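The residues making up each chain are set out below.
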Amino acid sequence: MRRALALLPLLAFMLSACATREPAPSGPAAGPIAMGRNAIGEECRAIPAESDAGVRAYSLFCGAWEQASGTIAIVELYDPLPAGGETLDRQLALEAGRTAWAGGLAQRAICQEPRPIAGPDGSRGLLASCQLREGGWPYVGVTLAKGRRLMQGDGIPAVADLLLQVYHVLGVGPVTEGAGVSDLSAVLRAALGDDALRFGRGDLNGFERLSELGRLSNSVEDYAGAETAYRRALEIQDRALGPDSPGAGETLMALALEVSNQGRGPEAEALFRRADALLQKSFDKAARARLGSYMAFHAANTGDARRALSLGRDASAVRRGIVDDLEAAAGGGANRAVLGSLAAARGDLIHSLLLEATVSLRLEQYGLAEAAALEAENLYQRTRGLPPWWHARILGIRGLARAGKGDAAGGAALISTAVGSNRQLFGAGWPVASSMLELGRVYAQGGTDDAAIAIYAEALSMIQDVEGGPSLLPLDRIMPYLTVLYRQSQADPARRAALQAQMFAAVQNVREGVVGQTVTRAATRFASSDPAVAELIRRQQDAVRTRDRLRIEVAAETARPDAQRDRAREAVLQEQLRAAEEEARGLERQLQAAFPDYARLSRPLPATADAVSARLAGDAALVQFAFGSASSFGFVLRNDSIVAYPVTIDRAQLTAMVAELRRGVMPRAGVLAPFDLSLSYDLHRRLFDGAGQALAGVRELTLVPSAALASLPPALLVTAPPAAGRPDYRAAAWMMREMALSVVPSVPAFLALSDGARRRPAAPRPFIGFAAPPFQGRDGAGMAALAEECRTDAVLDPALLRALAPLPETAGEIGEVGRRLGADPGDLVTGAAVTKAAVRERGLDQYRVVYFATHGLLPGELRCQSQPGLALAPPDHMPASAADDGLLTASDIALLRLNADLVVLSACNTAGGDARLGGEALSGLAESFFFAGARSLLVSHWQVPSGPTVRLMTGLFAQLDADPALSLARAQRLLVSDAATAHPFNWAAFALVGAPPSPGNGA
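As the structure is a prediction and not an experimental result, all values here were calculated from the model.

Draft legend 1. The arrangement of the overall build of the protein chain in detail. The helix and strand tally for the protein chain stands at 37 helices and 24 strands. For the protein chain, buried positions account for 57% of its 1003 residues. Sequence separation of at least 24 residues holds for 72% of the intrachain contacts in the protein chain that already meet a minimum separation of 6. Counting only carbon and sulfur atoms, one obtains 52% of the accessible surface of the protein chain, whose full area is about 38,400 Å².

Okay, here's the thing in structure tokens:
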């Protein structure tokens, strides 16, 4: 996945080394040797390093960096090189590839054919242009030969001049001063360009750290975290090498895949196109094959099966051809440069084959998946030095393929081996839990229910406890577990309640879609806003990485044959691992204790059915839905029971039904279409009929919606078949006639809101309202453009906010509501005064009701790490930072301090600005308001004219009591009883988000 430099990322690589002989050259000084300054002014030093017999090796360190900027190896040849001319150059190239240094460089970098260079003092050398395999950064390697002595060095371009002077500085042989060295330096500058000489080890360090973080985040399926890391890595690359460096294509393709993994197809395709354009300039033949593999995965993500398989096979074919060519060139194995390239190429092919196999599994092409995995395993067994966890991944894919072909027992055996291997490598980490989830799926497919339940329960327990687990866990990964538990509950009435409570607890681990992304980003922003939190998180993440690295090293050492094991080294590693594990645990405990607010956002406590039931009154119920791609479940919790039941609608069907129902409340050219009462009843039947009598006697219903249901206010549902003929809205059996309705974004939010300990003294002031920012657009095009804006933490262009449709009537709306609540005129903020600074600085914790009458940005997908938010007054000019850009994001809201009984968002539209349903974004926004201290929200799912809105609000506040949900239901019933406002467009848009009063807690 990366880079771009007008001159091509080059690795000036001057090779020349003949076969070594004993003894080694006379020993160097034991301590650091001053080498002078590099091209960016850092003082550099050569430090002796471990090496093979007959080789003097050094690491080249510059400035204060702890990572080397280059390496140096000096050897003596058995025989002198031939005298001058092409014969010398050919022999030099031959011998240069035989050294251990050449093999190591080939594994780190891709190099072009070296070209000979000469100095007038008789020294000879080779220069090859290369790029690092990690990110395509320019790099230099130098081989100089004089007599029987060879110096081979590599490093970033900034140390090129120092490498050319190694003979002189290290005192291993004379080099004529003057033209020779100067000419070599000029050649390097001509090949690399001045820009490539200006980046230092610090730039590369930052890039490598972020790339590693991206890979680790991907490995735990934290695709949003991986996206963040790769975007920041790309920023470093662009700043150091310019926006057109070929290496940036690698980073871009990695970023594109993480975006695709989050379901943002069009955005991913644009990134892939940018990567393709840059990779056209790269001399790495495998780069475009890697691009093909990633695009195959993207095609599978978007459901294009034929293209996915075609791209995957083509990518593997290209890499297979590279491996075949290198195997032919390796011959007897004397050329270590070729062997190093071969090992790297085989690793690339294994990676490609595993991607091909994974795509085939998604498309249920199990034979193709097994064939690709077997070829990968054969290559793995033939190649030394590959990461040990690759084999576990290969075994896991083989197991899934075997199970898909009908051999569940054989598949389970292979995946069990993979679980054991991962457990040895990672302990109780996410890679282990992830492979256990796959094993549970195979057990469930094979009908071994008890084994499936046991392995899923262990995996979910591990996920709850592990540091650095996934920020998102899709429902479909545990759906087989739910199915098995439900099947067992129906077969065993005595254990039914316990098994269904286990189902409910499992669903609480799910975090997916826009809600999960919003909460994750709010947690990240919260951490970054407090330097103390950020530093503790950094230390804890570093400790986790150190622990995981040591686990792998211990596993690799203990896996050696007995004759090759180093017991002393094992003991040292084991002690280091114990210390690292304790440090990681201690820092996690410190983080949770010192910063409980961050902990509540990033890792909410698991919720149980008993905890929910204890907070429900006798006439109240909580209903949660879990909509999968192929099957779905509902859960009804009362104060003394839980009922789980299958729901006869999957995620795609739900989306289609919700979209159709919303068409009936969205005017077209100022005309309202009839609302489909029959379709509304059909959806209600599918959602609730399976619950049987579990909802009998319920007067307070709290819903935990998910997927598209979050974009449908529950008041729109009809509980009985409508009469034939013209829709009679006043006579319809609206659900809100039977019970007060509220929604909560998650079960942990329900528990926190209904917990009596969170009740605080009432705020002293009644009302503050923000309305009618100075937007200047004419239609919905402005909202669509804002939703499509690729925005990370950058400043938002004020022109995008300015292009939103104005809302002049909302000024009167907050004036009327504020007047009825006794608001001070100074607490009615309108027009250009509705800024982010005003929201931050008005002391919102002093108000019982906080009212926002403005557009909500609630996209159906969060592009470029954007967030849902509220549009406020745009600044006159481009602000210096996002803190004043006019978009109040979920992260901004989480940092507010509120003490509001009610927050009103009256002009939101969960149709989303990007043609997708945006209810999940609204749920994510609600989580942020609750985190900031709000006790409940009243939110609109579409913009309602101010006339009906004011009537609804005044009716609600006129009879507002201890239960806002009941007050809302009463106000809605008044509007539906009036023929002029009976159409649900006028009254059903608003939903109460928050928990009803708990037993004994009061208002």
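That covers the picture; the talk isn't over yet.
Draft legend 2. Representation of the pattern of salt bridges within the structure. Applying the stated criterion across every chain, the model contains 37 salt bridges. Residue Glu 267 pairs with Arg 264 through a salt bridge whose shortest N-O separation is 3.0 Å. Given the relative accessible area of 4%, Glu 267 is considered buried. A salt bridge links Glu 370 to Lys 405; the nearest nitrogen and oxygen atoms lie 2.6 Å apart. A residue pair is termed long-range when its members are at least 10 positions apart, and Glu 370 in helix H13 (residues 366–382) and Lys 405 in the loop between helix H14 (389–404) and helix H15 (408–426) qualify at 35 residues. For Lys 405, a relative accessible area of 52% translates into the label exposed. Bridged by salt links that share partners, the residues Glu 227, Arg 231, Arg 264 and Glu 267 form one connected network.

Draft legend 3. Representation of the state of the cysteines in the model. In the structure shown here, the tally under the stated rule is 2 disulfides. Linked covalently through their sulfurs, Cys 44 and Cys 62 form a disulfide whose S-S length is 2.0 Å. Here the S-S torsion is close to 110 degrees, and the disulfide linking Cys 44 with Cys 62 is therefore right-handed. With a gap of 18 residues between them, Cys 44 in strand E3 (residues 43–49) and Cys 62 in strand E4 (residues 55–62) connect regions that are remote in the sequence.

Draft legend 4. Quick peek at the pairing of strand E24 (residues 990–993). Both faces of E24 are covered, namely the face carrying Phe 990 and Leu 992 and the face carrying Ala 991 and Val 993. Across 4 bridges, the pairing between strand E23 (residues 937–940) and E24 is antiparallel. Looking at E24, one finds that Leu 938 is bridged to Leu 992.

Draft legend 5. Structural context of helix H18 (residues 479–491). Taking 1.5 Å of rise per residue, the 13 residues of H18 would be expected to cover 18 Å, and the 19 Å separating its terminal C-alpha atoms lies within 8% of that figure. Of all the positions in H18, only Met 479, Pro 480, Tyr 481, Leu 482, Val 484, Leu 485, Tyr 486, Gln 488 and Ser 489 are classed as buried. Structurally, H18 contributes buried residues whose contacts are with helix H16 (430–445), helix H17 (449–465), helix H19 (496–507), strand E12 (620–627), strand E13 (632–638) and strand E14 (641–647).

Draft legend 6. Inspection of the pairing of E14 at higher detail. Alignment of E13 against E14, held across 7 bridges, turns out to be antiparallel. Note that in E14 the partner of Phe 635 across the bridge is Ala 644. Taking the residues between adjacent antiparallel strands as the criterion, E13 and E14 are bridged by 2 residues.

Draft legend 7. Structural view of the packing of helix H9 (residues 265–279) against helix H10 (residues 287–301). At their nearest, the axes of H9 and H10 sit 11 Å apart, and the two run at 170 degrees to each other. Regarding the angle of H9 to H10, the classification is roughly antiparallel. Of H10, the residues touching H9 (which contributes Gly 265, Ala 268, Glu 269, Phe 272, Ala 275, Asp 276 and Leu 279) are Ala 287, Arg 288, Leu 291, Tyr 294, Met 295 and His 298. Of the residues belonging to the contact of H9 with H10, the class tally is 8 nonpolar, 2 polar and 3 charged.

Draft legend 8. Looking closely at the nonpolar core. If you look at the biggest cluster of nonpolar residues, it comprises 104 residues, and the most contacted ones within it are Phe 688, Leu 701, Trp 734 and Phe 929. Counting 79 residues, the second-largest nonpolar core is a separate cluster that includes Ala 412, Met 436, Leu 475 and Phe 633.

Draft legend 9. Structural view of the packing of helix H8 (residues 248–261) against H10. Relative orientation of the contacting elements H8 and H10 amounts to 10 degrees, with a least axis distance of 9 Å. In terms of axis orientation, H8 runs roughly parallel to H10. Here H8 contributes Glu 250, Met 253, Ala 254, Leu 257, Ser 260 and Asn 261 to the contact with H10, which in turn contributes Ala 287, Arg 290, Leu 291, Tyr 294, Phe 297, His 298 and Asn 301. Here the contact of H8 with H10 is composed, by residue class, of 7 nonpolar, 4 polar and 2 charged.

Draft legend 10. Layout of the environment of Ser 489. You can see Ser 489 is positioned in helix H18. The exposure class of Ser 489 is buried, given its relative accessible area of 0%. When the C-alpha atoms of Ser 489 and Leu 499 are compared, they prove to be 5.7 Å apart, with 10 residues separating the residues in sequence. With residues near it in sequence (within four places) discarded, Ser 489 still touches Arg 496, Leu 499 and Gln 500.

Draft legend 11. Geometry of the packing of aromatic side chains. Under the definition given, this model contains 12 aromatic pairs. Taking the centre distance of 4.9 Å and the plane angle of 20 degrees together, the rings of Tyr 456 and Tyr 481 count as stacked. Note that Tyr 456 is positioned in helix H17 and Tyr 481 in helix H18, a separation of 25 residues in sequence. The class for Tyr 456 is buried, based on a relative accessible area of 0%. When the ring of Tyr 486 is compared with that of Phe 633, the centres are 5.6 Å apart and the planes differ by 55 degrees; the resulting orientation is tilted. With Tyr 486 in helix H18 and Phe 633 in strand E13, the pair connects residues that are 147 residues apart, well separated along the chain. There is no split in this pair, since Tyr 486 and Phe 633 are both buried. Among the aromatic residues, ring-to-ring pairing joins Trp 137, Phe 199 and Phe 207 into one connected group.

Draft legend 12. How the structure looks around unusual backbone geometry. The backbone phi angle of Glu 364 is positive, close to 60 degrees, even though this residue is not glycine. Relative to the elements of secondary structure, Glu 364 occurs in the loop between helix H12 (336–362) and H13. Glu 364 gets classed as exposed once you look at its relative accessible area, which sits at 57%. Phi is positive for Ala 772, close to 50 degrees, though the residue is something other than glycine. Relative to the assigned elements, Ala 772 resides in the loop between strand E17 (765–771) and helix H29 (781–788).

Draft legend 13. Examining the environment of Leu 234 more closely. With respect to the secondary-structure elements, Leu 234 resides in helix H7 (residues 223–241). A sequence separation of 16 residues divides Leu 234 from Glu 250, and the C-alpha atoms of the two residues are 9.6 Å apart.

Draft legend 14. How the structure looks around the side chain of Gln 237. Looking at the secondary structure, you find Gln 237 in helix H7. Residue class for Gln 237 comes out buried when judged on its relative accessible area of 0%. Within the structure, Gln 237 has its side chain in polar contact with the side chain of Thr 251 (distance 2.7 Å).

Draft legend 15. Region of the structure containing the environment of Ser 977. Residue position: Ser 977 is located in the loop between helix H36 (964–976) and helix H37 (984–987). Between the C-alpha atom of Ser 977 and that of Arg 730, which follows or precedes it by 247 residues, the distance is 5.6 Å.

Draft legend 16. Seen up close, the confidence of the model for the protein chain. When pLDDT is averaged across the protein chain, the result is 81; 81% of the residues are at 70 or more. Contacts from residues 1–29, a stretch scored under 50 in pLDDT, to residues over four places away or in other chains number 178 contacts.

Draft legend 17. Structural context of the side chain of Asn 899. One can find Asn 899 in the loop between helix H33 (890–894) and strand E22 (902–907). One polar contact links the side chain of Asn 899 to the main-chain carbonyl oxygen of Pro 761, over a distance of 2.9 Å. At 3.0 Å, the side chain of Asn 899 forms a polar contact with the side chain of Arg 935.

Draft legend 18. Quick look at helix H26 (residues 677–688). Compared with the 16 Å implied by 1.5 Å per residue over 12 residues, the 16 Å span of H26 between its first and last C-alpha is a close match. Residues of H26 that are buried include every one of Leu 677, Leu 679, Ser 680, Asp 682, Leu 683, His 684, Leu 687 and Phe 688, and no others. Here the buried face of H26 lies against E12, E14, helix H25 (651–663), strand E15 (700–704) and helix H27 (735–738). Two or three places before Ser 678, at the start of H26, stands the capping residue Asp 676, its side-chain oxygen 3.2 Å from that residue's backbone nitrogen.

Conventions and cut-offs
- Residues numbered from 1 in each chain as written.
- Predicted model: local features only at pLDDT ≥ 70, side-chain atom pairs only at ≥ 80, totals over all residues.
- Heavy atoms only, no water.
- Helix = DSSP H or I, 4+ residues; strand = E, 2+ residues; numbered from the N terminus.
- Buried < 20%, exposed > 50% of the residue type's maximum accessible area, 1.4 Å probe, protein only.
- Contact = heavy atoms within 4.5 Å.
- Areas by Shrake-Rupley, 256 points an atom, 1.4 Å probe, with all protein chains shown as cover.
- Salt bridge = Lys/Arg side-chain N within 4 Å of Asp/Glu carboxyl O.
- Disulfide = S-S within 2.5 Å.
- Pairing = 2+ DSSP bridges.
- Expected span 1.5 Å × (residues − 1).
- Axes fitted to C-alpha atoms, helices over the stretch in contact; angles between N-to-C directions.
- Parallel < 35°, antiparallel > 145°, perpendicular 65-115°, else oblique.
- Nonpolar A, V, L, I, M, F, W, Y, C, P; charged D, E, K, R; others polar.
- Core = buried A, V, L, I, M, F, W, Y, C linked by side-chain atoms within 4.5 Å.
- Phe/Tyr/Trp six-rings, centres within 6.5 Å; stacked < 30°, edge-to-face > 60°.
- Polar contact = N/O pair within 3.5 Å; in protein donor to acceptor, adjacent residues only side chain to side chain.
- pLDDT = per-residue confidence, 0-100.

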